[in-house]
Amino acid sequence: MMQVAKKATQDGTYTVYVQGKPIAWGLSSAAADRLIVRLRSPADRSALA
């Protein structure tokens with residue numbers, strides 16, 4: 001299973017990590033959550049392989 005995480009940064013934005021590597025930064029909490037949902041969907045997961 002792909003590990004996806006959202007972490008807050010000091011400037012109040014969020015960074016999204018996949019397998020411990022940052023893939024998107026400077027996001028609002030809602031934008032980070034939407035990206036995580038998208039990354040976890042089966043159709044998008046196959047595009048990352």
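Residues numbered from 1 in each chain as written. Predicted model: local features only at pLDDT ≥ 70, side-chain atom pairs only at ≥ 80, totals over all residues. Heavy atoms only, no water.

Enquirer: Help me get a handle on the overall build of the chain, residues and values and all.
Expert: A count of helices and strands for the chain gives two helices and three strands. Written out in order from the N terminus, the α and β elements of the chain read β-β-β-α-α. Expressed as a percentage of its 49 residues, the buried residues of the chain come to 22%. The long-range share in the chain, meaning contacts at least 24 apart out of those at least 6 apart in sequence, stands at 17%. Here the chain has roughly 3700 Å² of accessible surface; of this, 55% comes from carbon and sulfur atoms. (Helix = DSSP H or I, 4+ residues; strand = E, 2+ residues; numbered from the N terminus. Buried < 20%, exposed > 50% of the residue type's maximum accessible area, 1.4 Å probe, protein only. Contact = heavy atoms within 4.5 Å. Areas by Shrake-Rupley, 256 points an atom, 1.4 Å probe, with all protein chains shown as cover.)

Enquirer: How would you summarise the nonpolar core if you had to cite specific residues and measurements?
Expert: Counting nine residues, the largest nonpolar core is built from V4, V16, V18, A24, L27, A31, A32, I36 and L39. Secondary-structure elements contributing two or more residues to this core are β2 (14–18), β3 (21–27) and α1 (29–40). Discounting chain neighbours no more than four positions away, the residues touching V18 are M2, Q3, V4, I23 and L39. (Core = buried A, V, L, I, M, F, W, Y, C linked by side-chain atoms within 4.5 Å.)

Enquirer: Quick one: what's the story with the pairing of β3, residue by residue and with numbers?
Expert: In this sheet, β3 lies alongside β2 in antiparallel orientation, the contact comprising four bridges. In the strand pairing of β3, V16 is matched with A24. Between β2 and β3, which pair antiparallel in sequence order, lie two residues; one of them, Q19, sits at a positive phi of approximately 55°. (Pairing = 2+ DSSP bridges.)

Enquirer: Tell me about the environment of L39, and please be specific about residues and values.
Expert: Examined against the element boundaries, L39 turns out to sit in helix α1. C-alpha separation for the pair L39 and V4, spaced 35 residues apart in sequence, amounts to 8.0 Å.

Enquirer: So what about the packing of aromatic side chains? Which residues, and what values?
Expert: Scanning the entire structure with this criterion turns up zero aromatic pairs. Above the plane of the ring of Y17 lies K7, whose end atom (NZ or CZ) is 5.3 Å from the centre. (Phe/Tyr/Trp six-rings, centres within 6.5 Å; stacked < 30°, edge-to-face > 60°. Lys NZ or Arg CZ within 6 Å of the ring centre and 35° of its normal.)

Enquirer: Please set out α1 residue by residue, giving values where relevant.
Expert: Compared with the 16 Å implied by 1.5 Å per residue over twelve residues, the 17 Å span of α1 between its first and last C-alpha is a close match. Every buried residue belonging to α1 is among A31, A32, I36 and L39, and all of these are buried. Summarising the axial view, the buried residues of α1 lie within an arc of 140°, below the 170-degree limit, and thus occupy one face. Set apart from the buried face of α1 by more than 90 degrees, the exposed residues are R34, V37 and R38. (Expected span 1.5 Å × (residues − 1). Arc of directions from axis to C-beta.)

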